[in-house]
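For reference, the chains in residue letters:
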Amino acid sequence: MDCIIQVFPDEFHLKTLDTFLETCCQPQGTVNVRNIIISKINRLSKYAQENSKNIPEDIKLFEIFSAKITQIIQTRSSMPPEDILALQSALIKLALNVYPDEISYVDNVLLNTLEIFTNERSRSVGCSGELSRMLRVPIDHYGDIITILALPNFAPLIEFLDFRTRKELCVYVIENIIKTNTFIDSHEQVDMLLKMLASLISDQSDQPTEPEDPEDFEIEQSLVGRLVHQLISPVPDQHFLILNMCKKHLLSGGDKRIQYTLPSLVFRAIELCRTYHELRADDEKWEKKVSKILQYINSLLSALCKAEYWELSHRLLLQATLVCDAMGITSAESVAYEFISQAFAIYEEEVSDSKSQLIAISLIIATFERTLNFGEENHEPLRSQCARASSKLLKKPDQCRGVSLCSHLFWSGKTRENDGEELRAGKRVLECMKKAVKISSQCMDPSVQVQLYVELLNKYIFFLDNGCVDVTPSMITQLVKKIQEDSAGLESSEATHQVTSHFKNTLNYLSSAHQNINLEVQ
């Protein structure tokens, strides 16, 4: 029969199609007609694409092939599942190539396959690879997950895949969405998509009991995090519905997944806050909506804190502090204070490593320095708390750097009462700097001591350049002499070379920018 397909012209095959397929239904059950029918489909599919006008209206290729293939599958109970799926895949390709606008044809094939596997579950056993390849055909053809979501019988077929293959297909779907830069802009479609991707989003009853490979797990969950950025609506209210739908699904993933997925939701929510702020002139309810989003952000951060992802929670709380402060809503100060207070609590109670402590307090100071809408009533105790926390760091070099960093809070920090103007509290700046110098003098390692002096010298110069009258040229001269004296006895090393190079560059700047300062360079 394959010879007949190859030798006779296409017009002959069109006129004898019914007879040919009826003949294919008659052979004994042991005869494999899969390749014969697929060859026929491919031959006529190619002809129809090149000569669509020559296909008689009464010859409905898809309907004819679909009916006969269904008949063959029903009458051959012993047909291997891979043969069933090969025939169905050929039908899908026929529908996509010859009838690209008829997505109902594709869904009809999916429905027939679903009914076969539902009625005779045994036929679906051991065919995950073939079924996955069949499901990828429309994904590759459309390149648009929106169209896939319009196929009601696509997602149910995924359930017939084994766990590993199901996950691989979910990864393939997400990669396709990212590659084609497709945006899903309704919460109903987002709900459908995330249900389809359940094998990646939450634990499944059929997943293996042994632990997953950590690297593979991280890659998969990072993909889910990236997917969140494709779930966007240009309508802000609709976008918030999407965010809530994402939260519902992603929180079901448990503690091990949320460290990868929730940060994306936090940043999308932050962006939505900014969108409402930009549209505030056109939306009288914008402030209430922003407040609701901030509550949403807080609930996500609470979940991360509960799961004990302290470093991640700390950083996201500080991001939330900044966006809340920038919104200028009535409750901005109280909400921002709550966020930064939680960040402080994590620093004080959960961060024990000395290096991590310095990083954490530095981030708090840097965040607080950028805020605009704290009143003096809250700003002053937070400034003082930063200074106290810095002075209590375990290592002297860390104390020195933390305390000197606090000097910026008293100089460039801003309060609501100052209407956005910097505090410029020179005396408090000088107090911090003198304390930092004193702490650095207590370091036992001479090279570290000199390094700290050089860092502090640069901060003194910064404040002098920015008009702090409490920092005088004589203070800089004294510190330069101290560095020159102490660096003379340092042993030669790579670290010493870096410190001395930093010092020389600083002196070069002083010589050019502050010629009135007597450096007395040795």
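Before any of the text, the structure's been laid out above.
Caption draft 1: Molecular detail of helix α12 (residues 187-196). Taken as a whole, α12 has its buried residues at Val190, Asp191, Leu193, Leu194 and Met196. Packed against the buried residues of α12 are α9 (145-149), α10 (154-158), α11 (163-179), α13 (198-201), α14 (214-228) and α15 (236-250).

Caption draft 2: Inspection of the environment of Pro397 at higher detail. As for its placement among the helices and strands, Pro397 is situated in helix α22 (residues 396-412). Take Pro397: its relative accessible area is 19%, and that puts it in the buried class. Once residues within four sequence positions are removed from consideration, Pro397 is found in contact with Cys443, Val448 and Leu452.

Caption draft 3: A look at the pattern of salt bridges. Under the criterion given, the structure shown has 19 salt bridges. Between Lys167 and Glu220 there is a salt bridge, with the nearest N and O atoms lying 3.1 Å from each other. Taken together, the residues Lys167 in helix α11 and Glu220 in helix α14 connect sequence positions 53 residues apart. A relative accessible area of 12% places Lys167 in the buried class. Across the salt bridge formed by Lys256 and Asp203, the nearest N and O atoms sit 3.3 Å from each other. Pair noted here: Lys256 is in helix α16 (residues 255-278) and Asp203 is in the loop between α13 and α14, with a separation of 53 residues, a long-range link. Judged by its relative accessible area of 35%, Lys256 falls in the partly exposed class. On the basis of relative accessibility, which here comes to 46%, the residue Asp203 falls in the partly exposed class. Members of the salt-bridge network, linked through shared partners, are Lys167, Asp203, Glu212, Glu220, Lys256 and Arg257.

Caption draft 4: Local environment of the environment of Asn466. One can find Asn466 in the loop between α24 (446-465) and α25 (473-487). Distance from Asn466 to Ala86, taken between C-alpha atoms, is 75 Å for residues 380 residues apart in sequence. When sequence neighbours within four positions are dropped, the list of residues in contact with Asn466 reads Trp411 and Arg424. For Asn466, the side chain forms a polar contact with the main-chain oxygen of Phe462, separated by 2.7 Å.

Caption draft 5: Spatial organisation of a negative patch on the surface. A cluster of acidic residues, Asp255, Glu308, Glu348, Glu349 and Glu350, forms a negative patch at the surface. Tracing the backbone through its elements, the reader meets Asp255 in helix α16. The exposure class of Asp255 is partly exposed, given its relative accessible area of 47%.

Caption draft 6: Here's a closer look at unusual backbone geometry. In this structure, Asp419 takes a positive phi of about 50° despite not being glycine. Within the element layout of this structure, Asp419 appears in the loop between α22 and α23 (426-441). Its relative accessible area of 68% is what places Asp419 among the exposed residues. The phi torsion at Arg424 lies on the positive side, around 55°, for a residue other than glycine. Following the sequence through the fold, Arg424 ends up in the loop between α22 and α23.

Caption draft 7: The nonpolar core, seen in detail. Membership of the largest hydrophobic core comes to 165 residues, with the highest contact counts inside it found for Phe65, Leu135, Leu193 and Ile297. It is helix α17 (residues 286-306) that provides the largest number of residues to this core, a total of 11 residues.

Caption draft 8: Geometry of the packing of aromatic side chains. All chains considered together, the criterion is met by 10 aromatic pairs. Note on Phe368 and Phe374: the rings are 5.5 Å apart at their centroids and 75° apart in plane angle, and the pair reads as edge-to-face. According to the relative accessible area criterion, Phe368 is buried, its value standing at 0%. An aromatic cluster is defined as three or more aromatic residues linked by ring pairs; in this entry it consists of Phe62, Tyr99 and Tyr105. Positioned over the ring face of Tyr172 is Arg136, at 4.2 Å from the centre of the ring.

Caption draft 9: Structural detail: α22. Spanning 17 residues, α22 covers 25 Å between terminal C-alpha atoms, matching the ideal 24 Å at 1.5 Å per step. Counted residue by residue, α22 has 14 buried out of 17 residues, so it is predominantly covered.

Cut-offs used in this document
Residues numbered from 1 in each chain as written. Predicted model: local features only at pLDDT ≥ 70, side-chain atom pairs only at ≥ 80, totals over all residues. Heavy atoms only, no water. Buried < 20%, exposed > 50% of the residue type's maximum accessible area, 1.4 Å probe, protein only. Helix = DSSP H or I, 4+ residues; strand = E, 2+ residues; numbered from the N terminus. Contact = heavy atoms within 4.5 Å. Salt bridge = Lys/Arg side-chain N within 4 Å of Asp/Glu carboxyl O. Polar contact = N/O pair within 3.5 Å; in protein donor to acceptor, adjacent residues only side chain to side chain. Patch = residues over 30% accessible without salt bridge, like charges linked within 9 Å, V, L, I, M, F, W, Y side chains within 5 Å. Areas by Shrake-Rupley, 256 points an atom, 1.4 Å probe, with all protein chains shown as cover. Lys, Arg positive; Asp, Glu negative; His and termini not counted. Charge placed at Lys NZ, Arg CZ, Asp CG, Glu CD. Core = buried A, V, L, I, M, F, W, Y, C linked by side-chain atoms within 4.5 Å. Phe/Tyr/Trp six-rings, centres within 6.5 Å; stacked < 30°, edge-to-face > 60°. Lys NZ or Arg CZ within 6 Å of the ring centre and 35° of its normal. Expected span 1.5 Å × (residues − 1).

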